[in-house]
Amino acid sequence: MEIQRATHATIVLERNFSAPPERVFAAFSDPEKKRKWFAEGEGFRIDSYELDFRVGGKEVTRMHFADFPACTNDTYFLVIVPNRRIVIAYTMTMNGQAFSSSQSTFEFTATESGTTMLFTEQAAFFEKSDGAKMREDGWRQLFDALARTLAN
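About the criteria used
- Starting from 1, residues in each chain are numbered consecutively following that chain's sequence as written.
- It should be noted that, the model being predicted, local features are given only for residues of pLDDT at least 70 and side-chain atom pairs only at 80 or more, the latter also being counted only at that level, while totals for whole chains, interfaces and linings use all residues.
- Note: side-chain values were computed over all heavy atoms of the structure, leaving out hydrogens and water.
- Pairing of aromatic side chains here covers Phe, Tyr and the six-membered ring of Trp, requires ring centres within 6.5 Å, and sorts the geometry by plane angle: under 30 degrees stacked, over 60 edge-to-face, intermediate tilted.
- By definition, any uninterrupted DSSP run of H or I lasting at least four residues is a helix, any uninterrupted run of E lasting at least two residues is a strand, and each is numbered from the N terminus.
- For every residue, the accessible area (1.4 Å probe, protein chains only) is compared with the maximum for its type, and the residue is labelled buried under 20%, exposed over 50%, or partly exposed between those bounds.
- Only strands that DSSP links by at least two bridges are regarded as paired with each other.
- As a rule, the C-alpha atoms of each element are fitted with a line to give its axis, helices using only the stretch in contact, and angles between N-to-C directions run from 0 to 180 degrees.
- Here a residue-residue contact requires only that any non-hydrogen atoms of the pair lie within 4.5 Å.
- For the purposes of this section, nonpolar cores are sets of buried Ala, Val, Leu, Ile, Met, Phe, Trp, Tyr and Cys residues that join through side-chain atoms within 4.5 Å.

### Some remarks on the packing of aromatic side chains
- Counted according to the given criterion, the structure contains 15 aromatic pairs.
- Summarising the aromatic geometry, the rings of Phe25 and Phe108 are spaced 6.2 Å apart at their centres and angled 90° between planes, so their arrangement reads as edge-to-face. In this pair, Phe25 is assigned in helix α1 (residues 21-29) and Phe108 in strand β6 (residues 97-111), connecting sequence segments 83 residues apart.
- In this structure Phe108 comes out as buried when scored by relative accessible area, which is 1%.
- Geometrically, the ring pair formed by Phe119 and Trp139 is tilted, given 4.6 Å between the ring centres and 45° between the ring planes.

Structure follows, in structure tokens:
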């Protein structure tokens, strides 16, 4: 396979939730809640999911989607400010081949109606990657699933 230059993108999304920052933050820090909105979904088969939510901790999701080969998301927690900010670095692989690596920041601000979350990701995409557009669409779908989880 020919090695191509990495492509880079910055994704910025703002999302409002009708839940206070403590509940939104808990949806990231509680393994059961996070798995529900982040790892599980239609068409996905979860092989394993682990969450060690602490600075220096790791989150690992191993899954299959439809007929695609095994995909792994290895995440490291760099900064955690309870109810305010989470900074992660993560790499996604398919069949052991890295196709992207990113650093992402989630910032939570209390509002009169709940929480505004500002998400910023700086991503590098490699061979056979999903690319910036698909990644942004993927995060939007995940944040929709988070909103449904918070509504319950």
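### Here's the deal with the sheet that holds strand β7 (residues 114-125)
- The seven strands are arranged β1-β7-β6-β5-β4-β3-β2 in an open sheet whose pairing can be described as antiparallel. At either end of the open sheet lies a strand with only one pairing partner, and these are β1 (7-17) and β2 (44-51). Looking at each pair of strands side by side, their axes are set apart by 15° on average, direction ignored.
- The pairing of β2 with strand β3 (residues 58-65) spans seven bridges and is antiparallel. Among the inter-strand pairings, Leu51 is bridged to a residue of β3, identified as Glu59.
- Sheet strands touched by helix α2 (residues 31-39): β2, β3 and β4 (71-81). Its angle to β2, the strand with the most contacts, is close to 145°.
- Helix-sheet contacts for helix α3 (residues 131-151) involve β1, β5 (85-94), β6 and β7, and the interaxial angle to β1 is about 20°.

### Quick notes on the nonpolar core
- Core analysis: the largest hydrophobic core is formed by 34 residues, its most contacted members being Phe28, Trp37, Ile86, Phe106, Phe108, Trp139 and Phe143.
- With residues near it in sequence (within four places) discarded, Ile86 still touches Phe25, Phe28, Phe53, Phe77, Val79, Ser104, Thr105, Phe106 and Phe108.

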